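# Inside the fold
Now for the letters of each chain:
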Amino acid sequence: MVDMVYTWNVQTKTWTLCTDEKLCHEEIKKLPWALILKFSKGYDVCINGTAMQGVKNLGDLNNFSGLVSCLQHRECHNVYLFPLRWRIYQGNNRNYILIGVDCIEAKMIGYGYCSYELRGFRDEFVSYSVDIGKRRNVPSKRQYMYSLMKNMKSEAISIPDNIANAICQLMQEEAGRVLELRPTVNMRPHGWDFIEKFVSRPYDVNIAYWENILGKTEYEARFPYEQKDNYKPLCQYLGIRKPPKSLRKAYGENPYAPMIYLLMQQLGLRDINYIRRFFAFEEDVMQFYLHRFRFDPRSHRIYRDRQCGGNRWCEIENFCNFVAERKSQKHLAAMLYRLSVMPIEEYNRYVVDVYSMFNEYRRDISEDMLKLLADKGPTHTVHDLMANELRGYKKENKVVEYEAKLLPLECMLDDYEFHLVHETAELQEIGVKLYNCVDSYRGAVLAGRSIICYVKKKGEYLACIEIAGKNKVVQAYAYNNQNMTGDLLKHFLYWAKVKKLSVDAGYISDMDVAALEEEYPEKELLIKHVSTMTYEELMAVDGNSIGKGWYTRFGELLPQQRSYHLAPPPWMNDEEEAIYLHYALPEGEKLIEAAAKENPEAMTVLGIMYFQGQVLKRDHKRALYWLYKSAKKYHDAKAWKYLLQLPNRYRANNVAEDVRLAYGLERLRKYNEVSDVPPLI
């Protein structure tokens, strides 16, 4: 019989075998307990449910005679589950191995851990039962535990490596008894997944890690249960015709080694002497979890699904292959290794932005900047220099559309205005005001992968916020990507709380809990973006306050108010356009005056009205006049688009050729396909 109990040791900061009979077998309700949350600057300690106290070291707990549990403080959760005691049990009949864990449930109220409740007795949270002979796991209690934690929005309880190693040894002995062959395990036993995969493929545990990557059907067909050596068939299927000798050894220690070999080649790294350095990465490479990659047998390539960061991985591949074309293999390997071991907070802060800027504006980046980028890679300095260079580059303005459930994100808290980005041109303005590279998120915003909000107070830009995934705040920074502080941070956190957005705990680590409990009256955002205004709100805007987009929005909403045009009386001179417009378009006085003053947006909208013939009588001749004037003099891209749709008979005197030539030159300049195209005059 095997009955091992592990408890957390304060001095060694690890889980160790417990020899204290009372701590091993006493009901945990009758034992003293202490919970520890580890921060970057110290610890918060709670003993027997008392209020948490901050300490810099754990020396005071060396003589504590109860059960202790320690967790890393990473995210804001409603509930934390602290494991207090692990038990590994195997009966005399040796049919199964039982793994149990006793836990304390810590409930979070507001932004502070204020109350603690004992969750259960010794076997309340039996998390796993392994039966090698029947080739199955008994998952009832484990499923219950994971389901419970999912409902409570808490992280799963991680199994410590030394406990996983002890379980591995028991499973090897049991497999040797049942299968008459004791499997060899060279890899490091890690996590619950290892136990599951050992049961599913005890003859070769490593191949079990490839089930989701290859697809279950292909996996079952090519790698049956009884097959003991899967390395060669795996390499053949992956298209590795002559695998290097070092890959065989690496596969025994890391099942993902063949995948890393392919990934590095896709990133431009060909030399095995540099690639094998990356075989030590067991869980992630380049900040991407390895188990979430997939394999395409037709192209023999490793890829990521879109929902698992596929677009970001494509950006990384493009960037790394650019570096590989310009620099040596040694230089590329050093850069990839630095990015793989970089802290995730630093990686997300500027490296991801460099990838976005490079892929979005590759053709517009100067040669000097490209040389610097290839030499230094994604660094903080390169990030700032690229953002500064691209800040003045203009692209076609596009409207950003949102689902109705996202619009309430716009509101006011005191004097702080929280806005959504409704046009891509706003990204450039935010980047200039806050000195950041949010303009490089243009593609992600239009595709709906990122939601950008910004904070203003009395007309001044204060902060920029990125929301991605399931209502999670990914980034939230003030000027020059600095952390928010003071009242701005308090209002941001309250806004996130009210709008049910998850926020990384790093934003509140230095805040006073009492201050975070303050509430601020939420008001409707009075300064609406023009693209969200109703017709009544649009017409109520004062003529001196009309900004960009007003005339376009007016042209969109007016046909919804009336779809007919007013025919002029017989006595009205048809050649006097100003008189006709004031009669046929009484709602459009502001539009008519702006077009007369050669406002390009107003001229384009007026030309479109003539072209469509909904509100004004269709007149292609007048449409040509206004659209051509706006397009040629002010380079309005929308005007070029409608000009090309006009019938040729209305574009006499070589106007048609002029329009096509001008449109083509405009595209050449816009996409930087030639460098010496003069601006249109």
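One can find the structure itself at the top, above this paragraph.
Computed from a predicted structure; not experimentally measured.

Within the protein chain, the regular secondary structure consists of 27 helices and 21 strands. Within the protein chain, the fraction of its 681 residues that count as buried is 48%. Contacts in the protein chain between residues far apart in sequence, at least 24 positions, make up 59% of those at least 6 positions apart. Counting every atom, the protein chain has about 34,400 Å² of accessible surface; 48% of that belongs to carbon and sulfur.

As a further point, take helix α15 (residues 380-390). Of the positions making up α15, those classed as buried are Val 382, His 383, Met 386, Ala 387 and Leu 390. On an axial view of α15, the arc spanned by its buried residues comes to 130°, and they lie on one face. Residues of α15 that are buried in the fold lie against α13 (344-360) and α14 (367-376).

Under the criterion given, the structure shown has three cavities of 30 Å³ or more. Breaking the lining of the largest cavity down by element, the ones donating at least two residues are β19 (460-468) and β20 (472-477). Estimated volume of the second largest cavity: approximately 60 Å³. Around the second largest cavity, the lining residues are Met 357, Tyr 361, Ala 387, Leu 390, Arg 391, Gly 431, Asn 436, Cys 437, Asp 439 and Ser 440. When the residues that make up the lining of the second largest cavity are grouped by side-chain class, the tally is five nonpolar, three polar and two charged.

What follows deals with unusual backbone geometry. Non-glycine residue Lys 500 carries a positive phi angle of around 60°. With respect to the helices, strands and loops of the structure, Lys 500 is situated in the loop between α18 (486-498) and α19 (513-516). Positive phi outside glycine occurs at Glu 598, with the angle close to 65°. Its place among the elements puts Glu 598 in the loop between α23 (589-596) and α24 (600-612).

A few words on α18. Two residues of an α-helix separated by three or four positions point the same way, owing to the 3.6 residues in each turn. End to end, α18 covers 19 Å across 13 residues, agreeing with the expected 18 Å (1.5 Å per residue, within 8%). All of the buried residues along α18 are Leu 488, Leu 489, His 491, Phe 492, Leu 493, Tyr 494, Trp 495 and Ala 496. Two residues or fewer after α18 comes Lys 500, characterised by a positive phi angle close to 60°.

Our next topic: the sheet that holds strand β6 (residues 67-72). Read across the open sheet, the four strands follow the order β5-β4-β3-β6; overall the sheet is mixed. Lying at the two open borders of the sheet, with one neighbouring strand each, are β5 (53-55) and β6. For this sheet, the mean angle separating the axes of adjacent strands, direction not counted, is 25°. Bridging between strand β4 (residues 43-47) and β5 involves three bridges; their strand directions are antiparallel. Within β5, the position partnered with Val 45 by the bridge is Gln 53.

Attention now moves to the pattern of salt bridges. Counted according to the given criterion, the structure contains 18 salt bridges. A salt bridge links Glu 367 to Arg 326; its shortest N-O distance comes to 2.9 Å. Placement of the pair is Glu 367 in helix α14 and Arg 326 in helix α11 (residues 310-326), with a sequence separation of 41 residues. When salt bridges that share partners are traced, they join Asp 161, Arg 188 and Glu 282 into one network.

Moving on: the nonpolar core. Counting 111 residues, the largest nonpolar core has Trp 86, Met 171, Phe 194, Met 286 and Leu 336 as its most contacted members. With nine residues, helix α3 (residues 161-179) is the single largest residue contributor to this core. Setting aside chain neighbours within four positions, we find Phe 194 in contact with Cys 168, Met 171, Val 185, Met 187, Pro 189, Val 205 and Tyr 209.

For the pair α11 and α14, the least separation of the axes is 10 Å and the interaxial angle reads 95°. The orientation of α11 relative to α14 falls into the category roughly perpendicular. Where α11 abuts α14, its residues Phe 319, Phe 322, Val 323 and Arg 326 lie against Glu 367, Leu 370, Lys 371, Leu 373 and Ala 374. Its residues assigned to classes, the contact of α11 with α14 shows six nonpolar, no polar and three charged.

With that settled, the discussion passes to the pairing of strand β1 (residues 2-9). Here four bridges tie β1 to strand β2 (residues 14-17), and the two strands are oriented antiparallel to one another. From the neighbouring strand, Tyr 6 faces β2, where its bridge partner is Leu 17. Between β1 and β2, which pair antiparallel one after the other, the connecting turn spans four residues, and Lys 13 there sits at a positive phi close to 55°.

At a minimum axis separation of 9 Å, α13 and α15 run at an interaxial angle of 40°. What the angle tells us is that α13 and α15 run oblique. The two elements α13 and α15 meet at a crossing, and its hand is left-handed. Residues Tyr 350, Asp 353, Val 354, Met 357 and Phe 358 of α13 pack against His 380, His 383, Met 386, Ala 387 and Leu 390 of α15. Among the residues making up the contact of α13 with α15, the classes are represented as seven nonpolar, two polar and one charged.

As a further point, take the pairing of strand β15 (residues 301-304). In summary, the side chains of a regular strand alternate between the two faces of the sheet. Here β15 shows a buried face lined by Ile 302 and Arg 304 and an unburied face lined by Arg 301 and Tyr 303. Relative to β15, strand β14 (residues 293-296) runs antiparallel, the two being bridged by four bridges. The partner of Asp 296 across the bridge, within β15, is Arg 301. Hairpin connection, β14 to β15: the antiparallel pair is bridged by four residues, and His 300 has positive phi, about 55°.

In this section: the packing of aromatic side chains. This model, assessed by the stated rule, comprises 27 aromatic pairs. Linked through ring pairs, Phe 319, Phe 322, Tyr 347, Tyr 355 and Phe 358 together constitute an aromatic cluster. The ring of Phe 293 carries Arg 304 above its face, with NZ or CZ at 4.7 Å from the centroid. Sitting over the face of the ring of Tyr 461, Lys 456 holds its NZ or CZ atom 4.7 Å from the ring centroid.

With respect to the element layout, Glu 577 can be found in helix α22 (residues 577-584). Among buried Asp, Glu, Lys and Arg side chains, Glu 577 stands out as unpaired, with Arg 622 the closest opposite charge at 4.3 Å. Side-chain polar atoms of Glu 577 contact the side chain of Tyr 610, separated by 2.8 Å. A polar contact is formed between the side chain of Glu 577 and the side chain of Trp 626, at a distance of 2.9 Å. Dropping the residues within four chain positions of it, Glu 577 is found in contact with Tyr 610, Arg 622 and Trp 626.

How each quantity is defined
Residues numbered from 1 in each chain as written. Predicted model: local features only at pLDDT ≥ 70, side-chain atom pairs only at ≥ 80, totals over all residues. Heavy atoms only, no water. Helix = DSSP H or I, 4+ residues; strand = E, 2+ residues; numbered from the N terminus. Buried < 20%, exposed > 50% of the residue type's maximum accessible area, 1.4 Å probe, protein only. Contact = heavy atoms within 4.5 Å. Areas by Shrake-Rupley, 256 points an atom, 1.4 Å probe, with all protein chains shown as cover. Arc of directions from axis to C-beta. 1 Å grid on protein atoms, 1.4 Å probe; cavity = no way out; pocket = protein on both sides within 12 Å on 5 of 7 lines; lining within 4 Å. Points joined across faces, edges and corners; volume = space filled by probe spheres on them. Nonpolar A, V, L, I, M, F, W, Y, C, P; charged D, E, K, R; others polar. Expected span 1.5 Å × (residues − 1). Pairing = 2+ DSSP bridges. Axes fitted to C-alpha atoms, helices over the stretch in contact; angles between N-to-C directions. Salt bridge = Lys/Arg side-chain N within 4 Å of Asp/Glu carboxyl O. Core = buried A, V, L, I, M, F, W, Y, C linked by side-chain atoms within 4.5 Å. Parallel < 35°, antiparallel > 145°, perpendicular 65-115°, else oblique. Left-handed = near helix turned anticlockwise from the far one by under 90°. Phe/Tyr/Trp six-rings, centres within 6.5 Å; stacked < 30°, edge-to-face > 60°. Lys NZ or Arg CZ within 6 Å of the ring centre and 35° of its normal. Lys, Arg positive; Asp, Glu negative; His and termini not counted. Polar contact = N/O pair within 3.5 Å; in protein donor to acceptor, adjacent residues only side chain to side chain.

Everything listed is a geometric property; what it means functionally is a separate question.
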